[in-house]
Amino acid sequence: MYAKRFYTLSGSCPDQIGIIARVSGFIAQHSGWILESSYYADDGDGEEDGRYFMRMQVRADSLPFHLAEFRQRFRPLAEELSMEWKISDSAVKRRVVIMVSKQEHCLYDLLSRWQSRELDIEIPCVISNHDVFKAFVEWHGIPFHYVPVNPDHRAAAHAEISRIYEEVKGDTMVLARYMQILPPELCERYPNQIINIHHSFLPSFVGARPYHQAYQRGVKLIGATCHYVTRELDQGPIIEQDVIRIDHSDSVEDMVRYGKDIEKAVLARGLRYHLEDRVLVHANKTVIFR
C-alpha cells in the first residue's frame, strides 16, 4: 500500500487492440502518474469472445481534477471500449457490515484486524440473528443489531437487514459464519457486495457436520472458500481459497480447529482483495490481481 493518496481504476471489456494504450494514454494526457498496473486477457470459452481485465493505481495528486471529474472525463472512452469499470479513492474507507450467528472465530479475527488497522476499514455495525456477541461487539464501540430470523418472519427480518445496511451506508456485507440463507432479492440488490466464507467440502459434504462427514470419509485435505453471494446458494464467484493437509492421526476436533484457522485467513484475504479492488467479475468468473 502506498503512503500517498491514490485512485484505483479497474474494469473489463471485450478484448481488442489498443486497450492499454488508450487507457494509459488518457491518464498521461492529464499528467497522471501510474503507480501500479495489472492486465489479463481471457481467451473466452467458445461461446463468448475473449475479455480483457485491467487494474491501475494512479497518484491522486498527479491529476488536475478530483474523482467526480475523472469519472465524467473517462466515461466516453469507457463507452467506446464497452468497458465495465469503477474507480475508488484510497482516502475513503470502505464501510463493512459484519453478519454473524453463533460461531465467533471469524468475527473475532475481523475485529482484531480492524483494531490493529491491518484492515483499514470502518465497521458501522454488526448484525446477528443471535444476541450472544452483543456485549463483545459493543465493547469495541461498534453498534450491535439483533435481528432474529424465524420461519414465520423471514421476509421481515431480511427487510430489516437491508434497512440497516442502507441506513449505515454499507459498502460491503461480510457473512462471518452467518448461518442463514439470504433471499434472492437481497443478493441481487447488492451484487458483488456480499462476501461469504464456507468450508471447501461443498458440494461433497453438504449440510450439517461437514467435518464429521469428511472424517468418516478419510479426507486428506481440508480448506475454505471465500466467495460472493448470489441467488444460487454457494455458487457465487470465488474470491479466494486455500487448503491444509491432514492425516489419519487428526481427530474431528483437530479438523474443526484447523478449519476455523483457515476460514479466518481465507476470509481476511478475500475481503482485502475485494476492498483493494483486486477482484474483477464477469459472467460469474473472477480475475484476482494479487
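In case you missed it, the structure is sitting above this.
Residues numbered from 1 in each chain as written. Predicted model: local features only at pLDDT ≥ 70, side-chain atom pairs only at ≥ 80, totals over all residues. Heavy atoms only, no water.

**Q** Any details on the overall build of the protein chain? Residues and values, ideally.
**A** Counting its regular elements, the protein chain contains eight helices and 13 strands. For 290 residues, the compact-globule estimate of 2.2 N^0.38 gives 19 Å, and the protein chain sits close to it at 21 Å. Along the first, second and third principal axes, the C-alpha set of the protein chain runs to 60 × 45 × 40 Å. A burial count over the protein chain gives 48% of its 290 residues as buried. Within the protein chain, counting contacts between residues at least 6 apart in sequence, those at least 24 apart form 68% of the total. Here the protein chain displays about 14900 Å² of accessible surface, and carbon together with sulfur accounts for 49% of that area. (Helix = DSSP H or I, 4+ residues; strand = E, 2+ residues; numbered from the N terminus. Rg over C-alpha atoms; globule rule 2.2 N^0.38 Å. Buried < 20%, exposed > 50% of the residue type's maximum accessible area, 1.4 Å probe, protein only. Contact = heavy atoms within 4.5 Å. Areas by Shrake-Rupley, 256 points an atom, 1.4 Å probe, with all protein chains shown as cover.)

**Q** Outline unusual backbone geometry, supporting the account with residue identities and numerical values.
**A** Here S31, not a glycine, exhibits a phi torsion of approximately 65°, which is positive. The topology assignment puts S31 in the loop between α1 (19–29) and β2 (34–42). One non-glycine residue, K169, lies in the positive phi region at around 60°. Overall, the relative accessible area of 61% leaves K169 in the exposed class.

**Q** Can you break down the packing of helix α3 (residues 105–115) against helix α8 (residues 252–275) residue by residue, with the values?
**A** A pair of packed helices is characterised by two quantities: the angle between their axes and the separation of those axes. Following both chains from N to C, one finds α3 and α8 inclined at 45°, their axes separated by 9 Å at the closest point. The orientation of α3 with respect to α8, classified from their angle, is oblique. Taken as a pair, α3 and α8 cross one another with a handedness that is right-handed. Every residue of α8 that contacts α3 at H105, C106, D109, L110 and R113 is listed here: K260, E263, K264, A265, L267, A268 and L271. A per-class count over the contact of α3 with α8 returns six nonpolar, one polar and five charged. (Axes fitted to C-alpha atoms, helices over the stretch in contact; angles between N-to-C directions. Parallel < 35°, antiparallel > 145°, perpendicular 65-115°, else oblique. Left-handed = near helix turned anticlockwise from the far one by under 90°. Nonpolar A, V, L, I, M, F, W, Y, C, P; charged D, E, K, R; others polar.)

**Q** Can you tell me about the pairing of strand β8 (residues 172–175), naming the residues and giving the values?
**A** Along any regular strand the residues' side chains alternate between the sheet's two faces. Burial along β8 is two-sided: T172 and V174 and M173 and L175, pointing in opposite directions, are all buried. Summarising the sheet, strand β5 (residues 96–100) and β8 pair through four bridges and their orientation is parallel. Bridged to V96 within β8 is T172. Where β8 meets strand β9 (residues 194–199), three bridges bridge the pair, whose relative direction is parallel. Bridge pairing in β9 links M173 to I194. (Pairing = 2+ DSSP bridges.)

**Q** Just give me the short version of the layout of surface pockets, but keep the residues and values in it.
**A** Its volume calculated, the second largest pocket comes out at about 510 Å³. In terms of lining residues, the second largest pocket is bounded by 24 residues, among which K86, N192, H274, D277 and V279 are the most central. For the lining of the second largest pocket, the elements supplying multiple residues, two or more each, are β1 (6–14), β4 (84–89) and β12 (279–282). Broken down by element, the residue count for the lining of the second largest pocket peaks at five residues, all from β4. Of the residues in the lining of the second largest pocket, the class split is eight nonpolar, eight polar and eight charged. (1 Å grid on protein atoms, 1.4 Å probe; cavity = no way out; pocket = protein on both sides within 12 Å on 5 of 7 lines; lining within 4 Å. Points joined across faces, edges and corners; volume = space filled by probe spheres on them.)

**Q** Residues and numbers for the packing of aromatic side chains, please.
**A** As enumerated under the stated definition, the model contains ten aromatic pairs in all. Here Y108 and F133 contribute two aromatic rings whose centre-to-centre distance is 6.1 Å and whose plane-to-plane angle is 75°, an arrangement assigned as edge-to-face. Within this pair, whereas Y108 is found in helix α3, its partner F133 is found in the loop between β6 (126–128) and α4 (134–139), the two being separated by 25 residues in sequence. Judged by its relative accessible area of 6%, F133 is buried. (Phe/Tyr/Trp six-rings, centres within 6.5 Å; stacked < 30°, edge-to-face > 60°.)

The values reported here are purely geometric and, on their own, carry no functional implication.
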